[in-house]
Amino acid sequence: MNQDKLKLAAARAALDYIPQDAIVGVGTGSTVNFFIQELAGIKSRIEGAVSSSETSSNRLKAIGIPVYDLNAVSDLPVYVDGADEITPHLAMIKGGGGALTREKIVAAVARQFVCIADEKKRVPVLGNFPLPLEVIPMARSYVAREVVRLGGQPVLREGFITDNGNVILDVHHLNLQDPVEMETRLSCITGVVTCGIFARRPADVLILSTLQGIQISTR
């Protein structure tokens, strides 16, 4: 089974977590694209979606699913998104697609966060995937210096601007043995909009697609 088939299997399994007549939180990325594709088959039984990126919003609208502004939604029962890395404790690195700020906002609002991933994304400790930081452009150099003081090697994501008009620093070689502590420290650097560690608000459910089938983990 190739990786796309694994992603599709995880996306299909996530449909079991979608309540009737709900507004669904929808993330961003290649695995989520399969989830959006699967949502098309049940769009008659959901009210609509809140999306974490313009790209996902456009995909949802293209298949006829209404997209709501999060400010207009009083209750979000579930948010489905992928991860670049995820640990057994369901802490994640996210932001490979650059949508980490909106992803973290939607995750904070949702009552249940369901992560869909293939088995290559499961790791014992975060840190092999470069850690994205969304940064206010004028603070880029300052934030980079502060990250170096923490032991990281920041690299500007060239030619990329987030949906919020900011830049991304991809940070290599940080020690993420304690992801909650590092998330807090990075988030406190002036000029950092969002840190791509999702540990203070991890996933509630992991749907992991493996060659042996779907594995479900909860916290």
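Refer to the structure printed above.
Because the structure is predicted, anything quoted here is derived from the model rather than measured.

Side note on the overall build of the chain
And step 1. Within the chain, the secondary structure is distributed over 6 helices and 13 strands.
And step 2. For 219 residues, the compact-globule estimate of 2.2 N^0.38 gives 17 Å, and the chain sits close to it at 17 Å.
And step 3. Projecting the C-alpha coordinates of the chain onto the three principal axes gives extents of approximately 50 × 40 × 30 Å.
And step 4. Among the 219 residues that make up the chain, the fraction classed as buried is 53%.
And step 5. Within the chain, residue pairs in contact and separated by at least 24 positions form 71% of the contacts whose partners lie at least 6 positions apart.
And step 6. Charged side chains in the chain number 22 positive and 23 negative. The centres of these two groups are separated by 2 Å.

Quick word on the pattern of salt bridges
And step 1. Taken as a whole and assessed by the stated rule, the structure comprises 12 salt bridges.
And step 2. Here Lys94 makes a salt bridge to Glu103, at a shortest N to O gap of 3.5 Å.
And step 3. The class for Lys94 is buried, based on a relative accessible area of 3%.
And step 4. Assessed through its relative accessible area of 3%, Glu103 is described here as buried.

Some remarks on the side chain of Asp84
And step 1. Along the chain, the position of Asp84 falls in the loop between strand S3 (78–81) and strand S4 (85–86).
And step 2. Notably, Asp84 is buried but unbridged: the nearest opposite-charge side chain belongs to Lys121, and the N-O separation is 5.3 Å.
And step 3. A distance of 2.9 Å separates the side chain of Asp84 from the backbone nitrogen of Gly96, its partner in a polar contact.
And step 4. Leaving out residues up to four positions away in the same chain, Asp84 has contacts with Ile93, Lys94, Gly95, Gly96, Lys121 and Phe129.

So, helix H6 (residues 179–187)
And step 1. Residues of H6 that are buried: Pro179, Met182, Glu183 and Leu186. All buried residues of H6 project into a common sector of 105° when viewed along the axis, lining one side.
And step 2. Next to the buried residues of H6 lie helix H4 (100–109), strand S7 (131–135), helix H5 (140–149), strand S10 (192–195) and strand S11 (197–198).

A look at the nonpolar core
And step 1. Of all hydrophobic cores here, the largest spans 25 residues; its most connected members are Ile18, Val26, Phe35, Leu39, Val80, Ile116 and Ile207.
And step 2. At the level of secondary structure, the elements contributing two or more residues to this core comprise helix H1 (3–14), strand S1 (23–26), helix H2 (30–39), S3, strand S6 (113–118) and strand S12 (205–210).
And step 3. Discounting chain neighbours no more than four positions away, the residues touching Ile18 are Val24, Phe35, Ile42, Arg45, Ile46, Val78 and Val80.
And step 4. Ranked by size, the runner-up nonpolar core spans 23 residues in total, among them Val167, Leu169, Met182 and Ile197.

The rules behind these values
Residues numbered from 1 in each chain as written. Predicted model: local features only at pLDDT ≥ 70, side-chain atom pairs only at ≥ 80, totals over all residues. Heavy atoms only, no water. Helix = DSSP H or I, 4+ residues; strand = E, 2+ residues; numbered from the N terminus. Rg over C-alpha atoms; globule rule 2.2 N^0.38 Å. Buried < 20%, exposed > 50% of the residue type's maximum accessible area, 1.4 Å probe, protein only. Contact = heavy atoms within 4.5 Å. Lys, Arg positive; Asp, Glu negative; His and termini not counted. Charge placed at Lys NZ, Arg CZ, Asp CG, Glu CD. Salt bridge = Lys/Arg side-chain N within 4 Å of Asp/Glu carboxyl O. Polar contact = N/O pair within 3.5 Å; in protein donor to acceptor, adjacent residues only side chain to side chain. Arc of directions from axis to C-beta. Core = buried A, V, L, I, M, F, W, Y, C linked by side-chain atoms within 4.5 Å.

All quantities given are derived from atomic positions and should not be read as evidence of function.
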